[in-house]
Amino acid sequence: MPDSAYSKALFILNPNAGIPTMNFFVSEKLRRRRDELAYYKSLSVDESGDLINNNFDKYEIFIAAGGDGTVHTVAAKLVGTDKLLGVLPIGSGNGFAREMGFRTNVRTLLKDIERNESFDIDMLTVNGEPCLNVAGVGLDSFVAHSFDKLGTRGFASYVWVTIGHFIRLRPFNAEIIIDGKETLKEELFVLVAANTRQFGDSAFIAPAAVPNDGMLDIVMLKPFPKWHFPILIFRLFSKKLGGSKYYKHIKTDREVIIRTEENRFHIDGEPVILEGDVRISIIKNALKVLKTRKNKFA
């Protein structure tokens, strides 16, 4: 363990996350500070889990250096413990990191680690699987499945895949059951359960979501004319999506069940196949997060 003010933290770096040049830049920053801090490169979900398990008692803070998938993997091991989650965002979307005020600046992050302040946030579960940020089905999940198969990363690639899916997008039917009582039947383009406001890249799908209010936000985008897409994109990035007549929003602290024939979901941007009833719940104060100076929710 390095003998420094930062020895309380372990960095877990995903060398395959995000844009290669950014990843290399961050890797070099960490390597130059190898006498001050501890970091490992992890090539898989299992390896990241083993790193945390084997070093759990040695460190107070675990830093996920990667994208939303890396953050999800590290956070899943820290739920319900007194360990803190930190993020060094080098992914494509970095939705959770942006919401929590984390930036791609090692020096700033080390100052946050030195202060060692934290706050609690809620977490969703989707069929028992933890979800920090956003989960759902529809246009965003279809894009996640295709984007996962691409050999390239970055915002431009994501936009290209999104446009391709939108051109051939068709609505799907969904039944939403809240607390086993209230039932909604909708024809939709997008159905999202959110703990925070954005997908990533400042795309605010759930502008009213708060990660520590004990509530989950259900967001629906109803079918709209294709010519209306640029207007909705503007609203998405300007936090004004809630003003659209095609937008529907529900807040609840109860379990939500989603029934749909469409099985291509995503959890924190990672593509998953979910069959049958999809059960979504909120766990209050489930995770401790390192407080940054840019944080707006602590």
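Keep in mind the model is a prediction, meaning the values are calculated, not measured.

Thresholds applied
Residues numbered from 1 in each chain as written. Predicted model: local features only at pLDDT ≥ 70, side-chain atom pairs only at ≥ 80, totals over all residues. Heavy atoms only, no water. Helix = DSSP H or I, 4+ residues; strand = E, 2+ residues; numbered from the N terminus. Rg over C-alpha atoms; globule rule 2.2 N^0.38 Å. Contact = heavy atoms within 4.5 Å. Lys, Arg positive; Asp, Glu negative; His and termini not counted. Charge placed at Lys NZ, Arg CZ, Asp CG, Glu CD. Polar contact = N/O pair within 3.5 Å; in protein donor to acceptor, adjacent residues only side chain to side chain. Axes fitted to C-alpha atoms, helices over the stretch in contact; angles between N-to-C directions. Parallel < 35°, antiparallel > 145°, perpendicular 65-115°, else oblique. Left-handed = near helix turned anticlockwise from the far one by under 90°. Nonpolar A, V, L, I, M, F, W, Y, C, P; charged D, E, K, R; others polar. Pairing = 2+ DSSP bridges. Patch = residues over 30% accessible without salt bridge, like charges linked within 9 Å, V, L, I, M, F, W, Y side chains within 5 Å. Areas by Shrake-Rupley, 256 points an atom, 1.4 Å probe, with all protein chains shown as cover. Salt bridge = Lys/Arg side-chain N within 4 Å of Asp/Glu carboxyl O. Buried < 20%, exposed > 50% of the residue type's maximum accessible area, 1.4 Å probe, protein only.

When helices and strands are counted, the chain shows eight helices and 16 strands. Since a compact globule built from 298 residues should have a radius of gyration of about 19 Å, the 19 Å found for the chain is in line with a globular shape. Counting only C-alpha atoms and orienting by the principal axes, one finds that the chain spans roughly 60 × 40 × 30 Å. Summarising the internal contacts of the chain: among those between residues at least 6 apart in sequence, 72% fall at separations of at least 24. Counting 40 positive and 36 negative side-chain charges, the chain places the centres of these two groups 7 Å from one another.

Right, let's get into the side chain of D201. By the secondary structure assignment, D201 is in the loop between β10 (190-194) and β11 (216-221). There is a polar contact of 3.4 Å between the side chain of D201 and the side chain of R98.

The N-to-C vectors of helix α2 (residues 45-55) and helix α3 (residues 68-78) enclose an angle of 40°; their axes lie 10 Å apart at closest approach. With respect to α3, the axis of α2 lies oblique. For the crossing formed where α2 meets α3, the hand is right-handed. Side by side, α2 and α3 meet where V45, S48, G49, I52 and N53 of the first sit next to T73, V74, K77 and L78 of the second. Taken together, the residues of the contact of α2 with α3 sort by class into four nonpolar, four polar and one charged.

Here L51 is to be found in helix α2. Along the chain, L51 and I12 lie 39 residues apart, while their C-alpha atoms are 8.1 Å from each other. Those residues in contact with L51 that sit more than four places away from it in its chain are L10, I12, Y40 and S42.

Take the sheet that holds strand β7 (residues 134-138) next. Judged by pairing direction, the sheet is antiparallel, and its six strands sit side by side in the order β12-β11-β10-β7-β14-β15 without closing on themselves. Only two strands of the sheet have a single partner each, and these edge strands are β12 (247-252) and β15 (270-273). Each neighbouring strand pair of the sheet contributes to a mean axis angle of 20°, computed without reference to strand direction. One ladder, built from six bridges, connects β11 with β12; its direction is antiparallel. Residue pairing across strands places L221 opposite Y247, the latter belonging to β12.

Attention shifts here to a positive patch on the surface. Together, K29, R32, R107, K111 and R293 make up a positively charged patch on the protein surface. Looking at the positive patch, the elements that each hand over two or more residues are α1 (20-32) and α5 (106-115). For K111, the location among the structural elements is in helix α5. By relative accessible area, which is 43% here, K111 ends up partly exposed.

It is worth spelling out the side chain of D122 at this point. Topologically, D122 is positioned in strand β5 (residues 118-126). The charged side chain of D122 is buried without a salt bridge, its nearest counter-charge being K284 at 7.6 Å. In this structure, D122 is in contact with N195, P211, N212, D213, G214, M215, I282, I283, K284, N285 and A286, ignoring residues within four places of it in sequence.

Before going further, it helps to examine the pattern of salt bridges. According to the stated counting rule, one finds twelve salt bridges in the structure shown. With a closest N to O distance of 3.4 Å, R98 and D201 form a salt bridge. You can see R98 sitting in helix α4 (residues 95-100) and its partner D201 sitting in the loop between β10 and β11, a full 103 residues away along the chain. Taking relative accessible area as the criterion, R98 reaches 35% and is therefore assigned partly exposed. K251 is paired through a salt bridge with D213; the nearest N and O atoms lie 2.9 Å apart. Separated by 38 residues along the polypeptide, K251 in strand β12 and D213 in the loop between β10 and β11 bring together distant segments of the chain. Of the residues examined, K251 reaches a relative accessible area of 33% and is grouped as partly exposed. The network of salt bridges with common partners includes D213, D217 and K251.

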